[in-house]
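Close look at the chain arrangement
Chain by chain, the residues run as shown.
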Amino acid sequence: MNITANKFVSVSYDLNVGEGEERELMERATGEHPLKFIYGLGAMLPAFEDRLSGLATGDTFRFSLSPENAYGEYMEENVCELPKNLFEVDGRFDDEYISEGNTVPMMTSDGQQMNGSVLEVKAETVLMDFNHPLAGEMLHFDGKVLDVHEATAEEIAALSASMQGGCGCQCGCGECGDDSCGDDGCDDRKCSC
């Protein structure tokens with residue numbers, strides 16, 4: 001069976017970022033913890049799905065995605081300072097959660113959800129970066145198709161729930177709460193597709 005619309009797909013891969021000798025392994029989806037998705041539901045980057053279209057179980061793949069086909073260019077205007085009072089819980093600044101290097105889920109005034117990385121905590125403000133962690137990066141995938149089959153109702157329900165809130169897993173970490181995702185489930189820095 002080949003990868004086409006609405007098929008359940010499971011792949012293993014290494015994702016490296018960068019150019020030439022400067023490439024760095026960013027993510028690995030293994031046979032034990034593969035990336036699982038339903039082709040065509042919009043959970044993956046369109047260019048990622050395009051490169052897998054028509055492949056079958058056992059096929060290997062190797063391709064690169066430019067920033068414009070992945071997470072866009074890094075944009076300085078997506079870095080901003082926000083008042084510290086936005087991060088208060090019960091009148092106190094949450095310095096445990098809001099610390100340099102952490103990724104924080106936030107919401108715009110019109111209800112759009114987004115993640116921001118804490119770059120620096122200053123006296124009165126917090127410097128946040130709202131670029132995707134892989135913005136501006138060339139993505140290099142090298143992997144294998146592990147399984148392609150008709151999606152069951154249970155698989156559709158499970159993957160749809162995770163896309164609409166659930167635990168937020170849309171990455172190659174496998175199941176929600178999987179240890180390969182980090183201590184708190186999926187780590188958006190690892191979620192690339």
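Before going into details, it helps to say that this report is about the structure given with it. (Residues numbered from 1 in each chain as written. Predicted model: local features only at pLDDT ≥ 70, side-chain atom pairs only at ≥ 80, totals over all residues. Heavy atoms only, no water.)

Regarding the nonpolar core
Counted only if it meets this: Here, nonpolar core refers to any group of buried Ala, Val, Leu, Ile, Met, Phe, Trp, Tyr and Cys residues whose side-chain atoms link them within 4.5 Å. Burial classification: accessible surface area is computed with a 1.4 Å probe over protein chains only, and a residue below 20% of its type maximum counts as buried, one above 50% as exposed, and the rest as partly exposed. Helix and strand assignments follow DSSP, with helices taken as H or I runs no shorter than four residues and strands as E runs no shorter than two, numbered in order from the N terminus. Note on contacts: a residue pair is in contact if any heavy atoms of the two residues lie within 4.5 Å.
Counting 27 residues, the largest nonpolar core has Phe 48, Leu 52, Phe 61, Leu 65, Leu 139 and Phe 141 as the members making the most contacts within it. Elements that contribute at least two residues to this core include exactly strand S1 (7–17), strand S3 (35–38), helix H1 (46–52), strand S4 (60–65) and strand S11 (139–150). Examining the composition of this core, we find that five residues originate from one element, S1, more than from any other. Once you skip the residues sitting within four places of it in the chain, Phe 61 turns out to touch Val 11, Ser 12, Tyr 13, Leu 52, Leu 55, Phe 141, Asp 142, Gly 143, Lys 144 and Val 145. With 10 residues, the next largest nonpolar core counts Phe 87, Met 106, Val 126 and Met 128 among its residues.

Concerning the pattern of salt bridges
Inclusion rule: For this document, the term salt bridge refers to a Lys or Arg side-chain nitrogen within 4 Å of an Asp or Glu carboxyl oxygen.
Taken as a whole, this structure holds four salt bridges when the rule is applied. One salt bridge in this structure joins Asp 14 and Arg 28, with 2.6 Å as the shortest N-O distance. Of the two residues, Asp 14 sits in strand S1 while Arg 28 sits in strand S2 (residues 24–29), which places them 14 residues apart along the sequence. Classification of Asp 14 by relative accessible area gives partly exposed; the value is 23%. Measuring nitrogen to oxygen at the nearest pair gives 3.2 Å for the salt bridge that ties Glu 81 to Lys 122. With Glu 81 in strand S5 (residues 79–83) and Lys 122 in the loop between strand S9 (113–121) and strand S10 (125–129), this pair connects stretches of sequence that are 41 residues apart. The exposure class of Glu 81 is partly exposed, given its relative accessible area of 42%.

A few points about unusual backbone geometry
In this structure, Asn 6 is a non-glycine residue whose phi angle is positive, near 70 degrees. Notably, Asp 90 is not glycine yet its phi reads approximately 55 degrees, a positive angle.

Quick notes on the side chain of Glu 49
How we decide: Neither His nor the chain ends is counted toward charge; the positive residues are Lys and Arg and the negative residues Asp and Glu.
Checked against the element boundaries, Glu 49 lands in helix H1. Arg 51 provides the closest opposite charge to the buried, unpaired Glu 49, separated from it by 11 Å.

Focus: the packing of aromatic side chains
For the record, the criterion: Each Phe, Tyr or Trp ring (for Trp, its six-membered ring) is paired with any other whose centre lies within 6.5 Å, and the angle between the two planes then decides the class: stacked below 30 degrees, edge-to-face above 60, tilted in between.
On inspection of all chains with the given rule, the structure shows eight aromatic pairs. Geometrically, the ring pair formed by Tyr 13 and Phe 48 is edge-to-face, given 6.4 Å between the ring centres and 65 degrees between the ring planes. One end of the pair, Tyr 13, is in strand S1; the other, Phe 48, is in helix H1, with 35 residues separating them in the sequence. We note that Tyr 13, like Phe 48, is buried. Ring centres of Phe 87 and Phe 93 lie 6.5 Å apart, and the angle between their planes is 80 degrees; this geometry places the pair in the edge-to-face category.

Here's the deal with the sheet that holds S5
Here is the rule we go by: We treat two strands as partners when DSSP finds at least two bridges between them. A fitted line through C-alpha atoms serves as each axis, taken over the contacting stretch for helices, and the angle formed by two N-to-C directions is quoted from 0 to 180°.
Sheet architecture is open: four strands sit in the order S5-S10-S9-S8, paired in antiparallel fashion. Looking along the sheet, the strands with just one partner apiece sit at the ends: S5 and strand S8 (103–107). When the angles between neighbouring strand axes are averaged without regard to direction, this sheet yields 45 degrees. Bridge count between S9 and S10: four bridges; the pairing is antiparallel. Residue pairing for S10: Glu 120 is matched across the bridge by Leu 127.

Some thoughts on the environment of Pro 46
Secondary-structure assignment places Pro 46 in helix H1. On the basis of relative accessible area, Pro 46 is assigned to the exposed category, the value being 59%. For the pair formed by Pro 46 and Asn 69, sequence separation is 23 residues and the distance between their alpha carbons is 8.0 Å.

These figures capture arrangement, not role.
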